[in-house]
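The lines below spell out each chain.
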Amino acid sequence: MTMIVLLSYSTSWSKNDTDTISSTGVFTVYPDSVLIAFDDLRKANAKMVELKYQKEINDSLRSVVNTNNKIIRIYDNQVNELSQQVIYFKKQRNYAAGGGFFAALLLVITFIVK
């Protein structure tokens, strides 16, 4: 079974002019309709619906990726802050240990001298 479909260019501004000269210089006459099988229309419809759903899936995946990127960025910032705190506390610990060692050394020297 077939169906007659009007071509899109048949409704253009030059619809009164059915004879045109193509880019190759050949004089051509374009018909204003074409026969299309219903099976072909069904296949085309199915492909367009599939494309629509694929676009929706891609949009939702894109939003998931953006959300994950935000979460990863926040996590990286927190890890960097914590590593800076760890470095600061290690320096404080080392200074305190060094100060305690020298204080104990001075105490031992003062006991020996007396």
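The structure this text deals with has already been given above.
The structure reproduced in this document is the subject of the present report. (Residues numbered from 1 in each chain as written. Predicted model: local features only at pLDDT ≥ 70, side-chain atom pairs only at ≥ 80, totals over all residues. Heavy atoms only, no water.)

## Brief notes about the overall build of the protein chain
The condition that has to hold: Only runs of H or I of at least four residues qualify as helices and only runs of E of at least two qualify as strands under DSSP, and these elements are numbered from the N terminus. The classification of residues rests on relative accessible area computed with a 1.4 Å probe and restricted to protein chains. Under 20% of the type maximum is buried, over 50% is exposed, and intermediate values are partly exposed. Contacts between residues were defined by any pair of non-hydrogen atoms, one from each residue, lying within 4.5 Å. Each accessible area value is a Shrake-Rupley result obtained with a 1.4 Å probe; residue values ignore everything except the protein chains displayed when judging cover.
For the protein chain, the count of helices and strands is one helix and four strands. When the helices and strands of the protein chain are read in sequence order from the N terminus, they spell out β-β-β-β-α. Scored against the burial criterion, the 114 residues of the protein chain give a buried share of 1%. Residue pairs in contact within the protein chain that sit at least 24 positions apart in sequence constitute 62% of those at least 6 positions apart. Total accessible area on the protein chain is roughly 10,500 Å²; 64% of this is exposed by carbon and sulfur atoms.

## A few points about a nonpolar patch on the surface
Condition: Each patch groups residues whose relative accessible area exceeds 30% and which form no salt bridge, using 9 Å between like charges and 5 Å between nonpolar side chains of Val, Leu, Ile, Met, Phe, Trp and Tyr. Take a side-chain nitrogen of Lys or Arg and a carboxyl oxygen of Asp or Glu: if they are within 4 Å of each other, that pair is a salt bridge.
Together, Phe101, Phe102, Leu105, Ile109 and Val113 make up an exposed nonpolar region whose accessible area comes to about 530 Å². Counting through the fold element by element, Leu105 comes out in helix α1 (residues 38–113).

## Section: the pattern of salt bridges
Per the counting criterion, the structure on display carries two salt bridges. Measuring nitrogen to oxygen at the nearest pair gives 2.9 Å for the salt bridge that ties Arg42 to Asp39. In this pair, Arg42 and Asp39 both sit in helix α1, three residues apart, roughly one turn of the helix. Arg42 sits in the exposed class, given a relative accessible area of 55%.

## Notes on the packing of aromatic side chains
Defined as follows: Two rings belonging to Phe, Tyr or Trp (six-membered ring only in the last case) form a pair when the distance between their centres is within 6.5 Å. Interplanar angles under 30 degrees mark stacking, angles over 60 mark edge-to-face geometry, and anything in between is tilted.
By the definition in use, this model includes two aromatic pairs. Centroid distance Phe101 to Phe102: 5.6 Å. Interplanar angle 65 degrees. Geometry classified as edge-to-face. For the residue pair Phe101 and Phe102, the accessibility class agrees, reading exposed in each case.

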